[in-house]
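# Breakdown of the fold
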Amino acid sequence: MTFQSLLTLSLGAILVENFVLVRFLGICPFLGVSKKMNTALGMGMAVIFVMTLSSAATWAVEHALLQPLKLDYMRTVVFILVIAAFVQVVEMALKRFVPALYSALGIYLPLITTNCAVLGVAVINSDNATGFLESVLFSFFAAVGFTVAIALFASVRERLEHSDIPAPFEGFPIALVTAALISMAFMGFSGLQVF
Amino acid sequence: MKRYLSILKDGLIRQNPVFVLLLGMCPTMATSTSLSNAIGMGFAATLVLICSNLFISLLRKIIPDKIRIASYVIVIAGFVTLVEMLVTAYFPDIAESLGVFLPLIVVNCIILARAEAFASKNTPMAALADGLSMGLGFTLALCVMSFIRELLGSGALLGNTVLPEGFPRTLILTSPPGGFLTLGCVIALMQFILRKQKGKGAAS
């Protein structure tokens, strides 16, 4: 893989086709844990960690088990099981070996099982039939894109707390309008080409 | 009978999964760009929801408490695979435009939430009714969103142009920011109406 294609892949996944703001994957944690910058960053890190490793796991399972046995139709069931089991293993391993990291990411890990970005990236990789390295890198950059989006959103929401909002828009609606504005800004990246 | 009517009303309006419970945001925004997508997604999710609710309710005494979430996910994933195959076989166009969101019904929080909060504690018939009403509530929300987005964004409904040529199209509504914007405005409108009703109730 050349440097140029790496750059194209990363910019594509982070900016042009941002997972949250353009592809609509992982909206629940994006809206749910973005009230404070710290928790948003914690969630972002946990997603980067799990998404990168679980995409490697699902790629391996697909190519080592599903395809040789012609069980492609079991994809959805197997992927969600792999991800759920993987999240459990990661949680236990972190608790045992890296307690500092566990106390930082711990509460976000169980939530990740139902984060549709994690299953989404596995399905997208499988649909595009990309190679191992490319799949893992794409997942990593997609997760970085998620983190960028949630960090931007959290920094705006922290300020929203102190602003004067029309009564019907209080709470969730104003957050959605804010997300719309950020998403609009990201649309400016469409058509961005490296070379 | 009265109980079932109340369950139906809960799912459609009082406890609408999208507008009130704020669940299932990803498919709501991603598939509400056109009415036909919304209907396809709504019915696919409703079918999964009815089947999974019924099965989980039937199995509620057998599933051990500690691994219940994992068991629910497997039941749901099984039905999603079934629906995925059916849609791909009979409605290939819809399967094409729903894309990755068809297998992603597995992680639609509405389905897991109903399994955990309702089906695991109620009789199969009630769980079936709840699945139907929540599914229809989800479909209704998707239809409302996509009606607004397709009509104002591309001046069409179900692919047929309805607005006259000269009418300006609000293109932003069919693009990603439009999803956030439409949902935000619809929820704000609902809060506005609820507030007015409450105000009236307090005055009288």
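In this report, we go over the structure that sits alongside the text. (Residues numbered from 1 in each chain as written. Chains lettered and ligands numbered in written order. Predicted model: local features only at pLDDT ≥ 70, side-chain atom pairs only at ≥ 80, totals over all residues. Heavy atoms only, no water.)

### A closer look at the nonpolar core
Spelled out, the test is: The criterion is simple. A nonpolar core is a set of buried Ala, Val, Leu, Ile, Met, Phe, Trp, Tyr and Cys residues joined through side-chain atoms within 4.5 Å. Exposure is judged per residue with a 1.4 Å probe applied to protein chains only, and the accessible area is read against the type maximum: over 50% gives exposed, under 20% gives buried, and values in between give partly exposed. Residues count as neighbours in contact if any of their non-hydrogen atoms are within 4.5 Å of one another.
The biggest cluster of nonpolar side chains holds 110 residues, and the ones touching the most others in it are F19(A), I27(A), F30(A), M51(A), L119(A), F180(B) and L183(B). Among all residues touching F30(A), those that are not within four sequence positions of it are V20(A), L21(A), F146(A), A149(A), I150(A), F153(A), A179(A) and F180(B).

### Digging into the layout of surface pockets
Quick reminder of the rule: Think of a 1 Å grid over the protein atoms and nothing else: a 1.4 Å probe that fits but is trapped marks a cavity, an open set flanked by protein within 12 Å on at least five of seven lines marks a pocket, and residues with an atom within 4 Å of a point count as lining. Grid points are joined across faces, edges and corners, and a volume is the space filled by probe spheres set on the points. Where helices and strands are cited, they refer to DSSP runs of H or I of at least four residues and of E of at least two residues respectively, numbered from the N terminus. In this classification, Asp, Glu, Lys and Arg are treated as charged, Ala, Val, Leu, Ile, Met, Phe, Trp, Tyr, Cys and Pro as nonpolar, and every other residue, Gly included, as polar.
Of the volumes computed, that of the largest pocket is approximately 820 Å³. Surrounding the largest pocket, 30 residues form its lining, P110(A), L111(A), T113(A), T114(A) and L112(B) being those nearest its centre. Listed by contribution, the elements that provide at least two residues to the lining of the largest pocket are helix 2 (27-32), helix 4 (75-97) and helix 6 (109-112) of chain A together with helix 4 (68-90) and helix 6 (109-117) of chain B. Broken down by element, the residue count for the lining of the largest pocket peaks at 6 residues, all from helix 4 of chain A. Taken together, the residues of the lining of the largest pocket break down into 23 nonpolar, 5 polar and 2 charged.

### A short note on empty space enclosed by the protein
Residues and elements named next belong to chain A. Summed over all chains, the structure comprises 3 cavities of 30 Å³ or more. For the largest cavity, the calculated volume is near 60 Å³. Its residues placed into classes, the lining of the largest cavity shows 10 nonpolar, 2 polar and no charged. Reported here for the second largest cavity is a volume of approximately 40 Å³. Lining the second largest cavity, in full, are S55, T58, W59, E62, F79, A122, N125 and S126. Secondary structure elements with two or more residues in the lining of the second largest cavity: helix 3 (37-66) and helix 7 (116-128). Take the lining of the second largest cavity: its biggest share by element is 4 residues, from helix 3. A breakdown of the residues in the lining of the second largest cavity according to their chemical character gives 3 nonpolar, 4 polar and 1 charged.

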